[in-house]
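# Remarks on the overall topology
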Amino acid sequence: MIKNTKTLAISVAFLLLSQIAVAEKKLSVVYVYDENFPRPFEGKIVPLLEQAAKTLGKKLGGGIEFEEPQEIRQEDFFARHLDKFTYKELYDRVGYPVFKKVDNETYLASVGNFLERWELEELKSFFPDAPADADRAWVARSLLAAYAERIAELKDLKYADGRPFLEKKGYTYHSYLAWATAASTQQKWEIVVTNAPIVYDHITQPYPHNVLKRALLGGVSLTGQVRGSALNRVILLSLATFAEGQPSFLEESLVGRSGKERMKVAASYLLAHELGHAVYLVPDVYNHGVKCLMNTTLANMDYWSGYRQLVSNKGRCALCSPYRRTREKLVSGDRQYAKQKYEKAFKSYRQAEELLPERISGERPVVLSRLMLKQLKCLVFLGKREESLTLVDKLVATDPENKEFRKLRFSIKDLKKDVWELPEDQKQRPER
Ligand SMILES: [Zn+2]
Ligand SMILES: [Zn+2]
């Protein structure tokens with residue numbers, strides 16, 4: 001009897017471990033549709049996904065595949081996946097007060113902090129009329145003023161039947177902060193595509209290229225919590241700027257382009273770029289040149305010009321190769337692991353950890369700890385007790401919040417009881 005229970009515990013742990021490291025899993029996709037707006041590209045997104053994978057293959061690397069997209073109504077998506085409390089707390093703190101009179105001065109300091117990530121000259125390039133002596137405070141003020149104008153423009157828009165596009169009631173459905181909250185906390189899909197227009201309402205993070213255009217979201221790569229995902233990211237993509245509707249959000253540079261051309265722009269210019277963040281961990285870069293998919297100067301262009309620059313400058317960006325090499329090691333580690341070649345898998349994961357560039361998209365400690373966790377699983381299977389314990393310390397020090405590690409520790413404990421003695425202060429930590 002006791003023996004059976006033990007065998008069961010071990011096989012459950014094995015199952016859990018093996019499911020988590022399946023090599024090159026297909027990415028899961030959901031199409032969240034808003035019935036008030038048209039769906040571009042005849043309602044299909046498979047060609048969009050395929051085209052994005054193709055561009056990514058040319059620019060960074062291949063091997064990305066997608067599961068059959070699922071579909072869900074926007075109301076249902078929000079009802080099931082939006083934690084209203086988290087959203088409200090976030091919106092009260094950093095949301096654009098769309099329905100209130102906004103005193104820009106209140107936000108100057110935090111916007112100033114946010115803009116620190118750009119050089120002053122870069123920032124000024126967004127404002128062709130900037131006076132020669134314009135400083136950072138001038139940029140922050142001008143940006144907030146432009147932001148207010150964009151929001152006012154969005155508030156003037158009406159549906160074909162005369163209803164206003166933005167109302168207090170139901171605003172949540174258009175709020176970027178709500179979408180971002182739902183997308184990053186749901187645990188099912190790595191890519192969330194929608195035809196809904198999403199108002200970029202994160203007032204303390206006014207990305208100039210976004211705010212100065214229309215204050216609508218195109219695409220973003222967020223930290224995610226998708227179960228069994230090989231990424232710790234979720235991509236949120238809005239196709240509203242590719243469709244003609246009432247009101248219309250179609251980007252000016254796409255007027256007169258065919259449906260196929262627009263689809264290619266959405267795929268190569270938006271989605272492939274977000275995949276570059278999520279899969280290859282390349283951050284937005286400004287000095288990689290015209291071939292680079294992750295070039296931020298692309299973001300300052302209109303969609304069509306950005307797309308044309310990307311496809312007419314064929315070939316791969318040399319400066320992105322450290323990111324490619326890191327991913328190659330990670331993928332080969334996953335392959336070896338799936339074949340139960342733990343020694344080789346461990347080596348590949350360790351190399352990936354060593355190759356991981358300093359500047360990445362997302363949080364470096366989180367990515368590092370994920371690579372360590374993979375190494376740790378190999379060590380457990382190899383029965384290397386001392387090395388495992390050293391790595392546990394390193395992992396906890398690198399990212400104390402690693403949820404996967406905390407979830408897994410009990411099953412690993414079952415698997416190799418003697419290997420897994422957690423320090424006292426780790427034992428009672430609540431699961432989240
Ligand atoms: Zn980007
Ligand atoms: Zn590059």
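## With respect to the overall build of the protein chain
A count of helices and strands for the protein chain gives 17 helices and 5 strands. The buried share among the 432 residues of the protein chain stands at 40%. Summarising the internal contacts of the protein chain: among those between residues at least 6 apart in sequence, 73% fall at separations of at least 24.

## Considerations on the confidence of the model for the protein chain
The share of residues in the protein chain with pLDDT of 70 or more is 87%, and the mean pLDDT across the chain is 87. Low pLDDT, under 50, characterises residues 1–23; the stretch is placed with 22 contacts to residues that sit more than four places away or in other chains. pLDDT under 50 marks residues 414–432. Its contacts with residues more than four places away, or in other chains, come to 21 contacts.

## Regarding the nonpolar core
Ala52, Val192, Leu236, Ala266, Leu271 and Leu275 are the most contacted members of the largest nonpolar core, which has 106 residues in total. Tallying contributions element by element places helix H10 (residues 259–278) first for this core, with 10 residues. Residues from two domains meet in this core; each of domain 1 (29–314) and domain 2 (321–427) gives at least three. If we ignore the near neighbours within four places in the chain, the residues touching Leu271 are Leu48, Ala52, Gly219, Leu237 and Ala266.

## Some words on the packing of helix H4 (residues 84–94) against helix H8 (residues 176–185)
Packing of H4 against H8 leaves a shortest axis separation of 9 Å and a crossing angle of 140 degrees. One way to sum up the angle between H4 and H8 is to call them oblique. Crossing angle aside, the handedness with which H4 passes H8 is right-handed. Residues Thr86, Tyr87, Leu90 and Tyr91 of H4 pack against Leu177, Ala178 and Thr181 of H8.

## Some thoughts on the pairing of strand E5 (residues 233–238)
Of all 6 residues in E5, 6 are buried; the element is thus mostly enclosed. Neither face of E5 is exposed, since Arg233, Ile235 and Leu237 on one face and Val234, Leu236 and Ser238 on the opposite face are all buried. Across 4 bridges, strand E3 (residues 191–194) lies against E5 in parallel orientation. Across the sheet, the residue bridging to Val193 is Leu237, located in E5.

Calculation notes
- Residues numbered from 1 in each chain as written.
- Chains lettered and ligands numbered in written order.
- Predicted model: local features only at pLDDT ≥ 70, side-chain atom pairs only at ≥ 80, totals over all residues.
- Helix = DSSP H or I, 4+ residues; strand = E, 2+ residues; numbered from the N terminus.
- Buried ≥ 20, exposed ≤ 12 C-beta atoms within 10 Å, placed from the backbone.
- Contact = placed C-beta atoms within 7 Å.
- pLDDT = per-residue confidence, 0-100.
- Core = buried A, V, L, I, M, F, W, Y, C linked by C-beta atoms within 7 Å.
- Domains from an automatic or database assignment.
- Axes fitted to C-alpha atoms, helices over the stretch in contact; angles between N-to-C directions.
- Parallel < 35°, antiparallel > 145°, perpendicular 65-115°, else oblique.
- Left-handed = near helix turned anticlockwise from the far one by under 90°.
- Pairing = 2+ DSSP bridges.

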